[in-house]
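Geometric and topological summary
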Amino acid sequence: MKIESIRALLIDREFDELTPEAAELLDDWVATDPDPELASEVKKVRETLSAAAKTTNLFPELGRPELIVTPLRQSRRALLPFALAASIILLIGISGWAGFSAGQHNFQARLTKPKPLKPIQPATPSSPWAQYKLASSPEGGLMAVRNDLKN
Amino acid sequence: MKPKPANVDLEQIFRECGNDLSAYFARRHGGAEIAADLVQESFLQLARRIQKGQALQCPRGYLFGIARHISVAFFRRNQPALAQGVNDVATSVAEQPDERIAAAREVIAALPPLQREILDLRFSHGLSYAEIATALGIPAGTVRSRLHHAIALLRETMDADEHRTRAKA
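Residues numbered from 1 in each chain as written. Chains lettered and ligands numbered in written order. Predicted model: local features only at pLDDT ≥ 70, side-chain atom pairs only at ≥ 80, totals over all residues. Heavy atoms only, no water.

A word on the overall build of chain B. A tally of helices and strands in chain B yields eight helices and zero strands. Its helices and strands taken in sequence order, chain B reads α-α-α-α-α-α-α-α from the N to the C terminus. Put simply, chain B has 169 residues, and 41% of those count as buried. Counted over contacts in chain B with a minimum sequence separation of 6, partners at least 24 positions apart contribute 67%. (Helix = DSSP H or I, 4+ residues; strand = E, 2+ residues; numbered from the N terminus. Buried < 20%, exposed > 50% of the residue type's maximum accessible area, 1.4 Å probe, protein only. Contact = heavy atoms within 4.5 Å.)

Right, dumping it as structure tokens:
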């Protein structure tokens, strides 16, 4: 007998779809046949049916014709662009936050520890501007006055 | 001439199938109250058909056929409210750790809706080939071949997974 036919018979037997006589014959044959392949076939059919039963019981949505059920791998693939977008947003958020906090830290540090001001260097004597200084004008405002000329 | 009501013991059918039908609706729509209402609606429709003289070769299958139509109609009426329930199911699906079951789910999810429904009626509700055929309005031979085909696909996947696991080891 072909292995496909044996498989089909075993499945029908497990589903209790064989006539009592046929079921009895099959059971006797399985029990007495020394072929280890047959025993392994029976075991595999039972395992497959058990997995199918567990799966349909666990996931009721699979049996609903009105629902479109997508395989998980497919739905995971569909989620990929969203995951990518979410990770980009997260990266931007983290780097923005890190930049902001670093800037704030620097600003506060600058406020608490003022740098010593550099003394304003007078213009070098060689500079033509060294001869001038600012003085208040009698007419109001400021005026440039030469240093080297008195009155 | 008025059709003669068929001689069917509705009470006996209710005793035999009431609980199964209740489980069928509860599994699809959740909630015992909804299930009880839909069971009542199913039996009401069955009673009407018997009254019209409908002959019942396979009462259980016939009842599941009525239940199937009521379930689809109910789902269409209450689609937004039920969407949450479906998502909840999907979440529980994603958390399943058993790789074998996850692989089996992949195979079944990829099957056509009718084949998925045949599997559900067989494995979750224990209907025979003849009862499934009556419920779905298709020949029993088609039920058998679709069921065997689905099981063969599952078997192939499981064998391939087994080989892969052995190769890794």
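Along chain A, the regular secondary structure elements total four helices and two strands. Of all 151 residues assigned to chain A, the portion counted as buried reaches 21%. Contacts spanning at least 24 positions in sequence make up 22% of the contacts within chain A whose residues lie at least 6 apart. Working note: accessible area of chain A is about 11800 Å², and carbon and sulfur atoms make up 63% of it. (Areas by Shrake-Rupley, 256 points an atom, 1.4 Å probe, with all protein chains shown as cover.)

The relation between two aromatic rings is expressed through the spacing of the ring centres and the mutual angle of the planes. Across all of its chains, the model carries five aromatic pairs over all chains by this definition. Measuring from centroid to centroid gives 6.1 Å for Phe15 of chain A and Tyr129 of chain B, while their planes differ by 80°, and the two rings are edge-to-face. Taken together, the positions of Phe15 of chain A in the loop between α1 (3-14) and α2 (20-32) and Tyr129 of chain B in helix α7 (residues 129-136) put the pair across two chains. Accessibility expressed as a relative area gives 5% for Phe15 of chain A, which makes it buried. Look at Tyr24 of chain B and Phe25 of chain B: their rings are 5.5 Å apart centre to centre, the planes differ by 75°, and that puts the pair in the edge-to-face class. Overall, the relative accessible area of 0% leaves Tyr24 of chain B in the buried class. (Phe/Tyr/Trp six-rings, centres within 6.5 Å; stacked < 30°, edge-to-face > 60°.)

Residue and element names in this part refer to chain B. As a packed pair, helix α6 (residues 113-123) and helix α8 (residues 140-168) sit with axes 10 Å apart at the nearest point and diverge in direction by 90°. Overall, the two elements α6 and α8 adopt an arrangement that is roughly perpendicular. Every residue of α8 that contacts α6 at Leu114, Gln115, Ile118, Leu119, Arg122 and Phe123 is listed here: Val143, Arg146, Leu147, His149, Ala150 and Ile151. Of the residues assigned to the contact of α6 with α8, the class counts are eight nonpolar, two polar and two charged. (Axes fitted to C-alpha atoms, helices over the stretch in contact; angles between N-to-C directions. Parallel < 35°, antiparallel > 145°, perpendicular 65-115°, else oblique. Nonpolar A, V, L, I, M, F, W, Y, C, P; charged D, E, K, R; others polar.)

With that settled, consider unusual backbone geometry. Negative phi is the rule for most residues except glycine; trans is the rule for most peptide bonds. Phi at Asp16 of chain A takes a positive value of approximately 60°, unusual for a residue other than glycine. Position of Asp16 of chain A relative to the elements: it lies in the loop between α1 and α2.

If you look at the interface, chain B gives 37 residues, while chain A gives 34 residues. Taken together, both faces of the contact between chain B and chain A bury some 3700 Å²; the carbon and sulfur share is 61%. Counting the surface chain B buries against chain A, the share from its top three residues, Arg105, Phe123 and Arg155 of chain B, is 18%. Counting across the chain B and chain A interface gives four salt bridges. Of the charged contacts in the structure, one is a salt bridge between Arg155 of chain B and Glu41 of chain A, with a shortest N-O distance of 2.8 Å. When residues of the side of chain B that touches chain A are traced back to their parent elements, those giving at least two are α1 (10-29), α3 (59-77), α4 (79-94), α5 (99-109), α6 and α8 of chain B. In terms of residue class, the side of chain B that touches chain A is made up of 18 nonpolar, six polar and 13 charged. (Buried area = accessible area lost by both parts, 1.4 Å probe. Salt bridge = Lys/Arg side-chain N within 4 Å of Asp/Glu carboxyl O.)

Turning our eyes to something else, we now look at the pairing of strand β2 (residues 142-146) of chain A. All names here are of chain A. Bridging between strand β1 (residues 132-136) and β2 involves five bridges; their strand directions are antiparallel. Residue Tyr132 lies in a different strand from β2, and its bridge partner there is Arg146. Counted between consecutive antiparallel strands, the loop separating β1 from β2 contains five residues, among which Gly140 sits at a positive phi close to 100°. (Pairing = 2+ DSSP bridges.)

Let us now look at the nonpolar core. Core analysis: the largest hydrophobic core is formed by 55 residues, its most contacted members being Phe15 of chain A together with Leu21, Phe25 and Leu46 of chain B. Ranked by residues supplied to this core, first place goes to α3 of chain B with seven residues. Ignoring anything within four residues of it in the chain, the contact list for Phe15 of chain A reads Leu49 of chain A together with Arg122, Phe123, Tyr129, Leu147 and Ile151 of chain B. (Core = buried A, V, L, I, M, F, W, Y, C linked by side-chain atoms within 4.5 Å.)

Another point: the confidence of the model for chain A. Scored by pLDDT, chain A has a mean of 81; 80% of the residues are at 70 or more. When mean pLDDT is taken per element in chain A, α2 of chain A scores highest with 92 and helix α4 (residues 72-112) of chain A scores lowest with 79. (pLDDT = per-residue confidence, 0-100.)

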